[in-house]
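# Observations on the three-dimensional arrangement
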Amino acid sequence: MSKGKYTWSDNQTDEIWYGERFDTIEECISDARETGKEIGSKIAIGICEDYIPYADCDTLLDRLSEDAYETCGEVAEGFPYFESGKGYKDIESLQEKINKALNEWLEETKQTPSFYHVIPLKDMYEVK
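Here goes a summary of the coordinates provided. (Residues numbered from 1 in each chain as written. Predicted model: local features only at pLDDT ≥ 70, side-chain atom pairs only at ≥ 80, totals over all residues. Heavy atoms only, no water.)

For the rest of this paragraph, the subject is the overall build of the protein chain. The helix and strand tally for the protein chain stands at 3 helices and 5 strands. Start at the N end of the protein chain and walk to the C end: the helices and strands fall as β-α-β-α-β-β-α-β. Its C-alpha atoms give the protein chain a radius of gyration of 23 Å, clearly above 14 Å, the size a compact globule of 128 residues would have. Taken along its principal axes, the extent of the C-alpha atoms in the protein chain is 70 × 30 × 20 Å. (Helix = DSSP H or I, 4+ residues; strand = E, 2+ residues; numbered from the N terminus. Rg over C-alpha atoms; globule rule 2.2 N^0.38 Å.)

Printed below as a string of structure tokens:
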């Protein structure tokens, strides 16, 4: 998934950063210059954080419980096992397995995310 650690944009507050991904801040500055930014102008540089899909198992099990109750009635109460204050039994194991299966399926079907979250660095950088 990861293709570079940094990207650049005109402003730190941009919702979408259209720049490519680069390994260094210097490469971002160089790309900005090469794409028409004037020397001396300022650009924002941010760290690219890949989006890793996950399925929330609490929500999944809540839906499973509701479906069982709607289909079978009161006999389904308590399925799957939920302990007040602790949550669903052994949910961590299920969460790990579901996330693994989901991400494998996304890879197999060529649907892995190509987008990412940008964390802007505090300072603006000068194009040199």
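That was the structure; now back to the text.
With that settled, consider the sheet that holds strand β1 (residues 6-9). With antiparallel pairing, 3 strands are arranged side by side in an open sheet as β1-β2-β5. The open sheet is flanked by β1 and β5 (116-126), the only strands paired with a single partner. The average undirected angle you get between the axes of adjacent strands in this sheet is 35°. Bridge count between β1 and strand β2 (residues 42-50): 4 bridges; the pairing is antiparallel. Of the residues in β2, the one forming a bridge with Y6 is I47. (Pairing = 2+ DSSP bridges. Axes fitted to C-alpha atoms, helices over the stretch in contact; angles between N-to-C directions.)

So, on to a nonpolar patch on the surface. Taken together, the side chains of Y51, Y54 and F115 make up a nonpolar region of the molecular surface, amounting to roughly 360 Å² of accessible area. Along the polypeptide, Y54 turns up in the loop between β2 and α2 (57-72). (Patch = residues over 30% accessible without salt bridge, like charges linked within 9 Å, V, L, I, M, F, W, Y side chains within 5 Å. Areas by Shrake-Rupley, 256 points an atom, 1.4 Å probe, with all protein chains shown as cover. Salt bridge = Lys/Arg side-chain N within 4 Å of Asp/Glu carboxyl O.)

Our focus in this paragraph is helix α1 (residues 25-34). All buried positions along α1 are accounted for by I25, C28, I29, S30, D31 and A32. Among the structural elements, β1, β2 and β5 are those in contact with the buried residues of α1. Just beyond α1, the residue with positive phi is G36, at close to 110°. (Buried < 20%, exposed > 50% of the residue type's maximum accessible area, 1.4 Å probe, protein only. Contact = heavy atoms within 4.5 Å.)

On the secondary structure map, S9 appears in strand β1. Using a relative accessible area of 7% as the deciding quantity, one classes S9 as buried.

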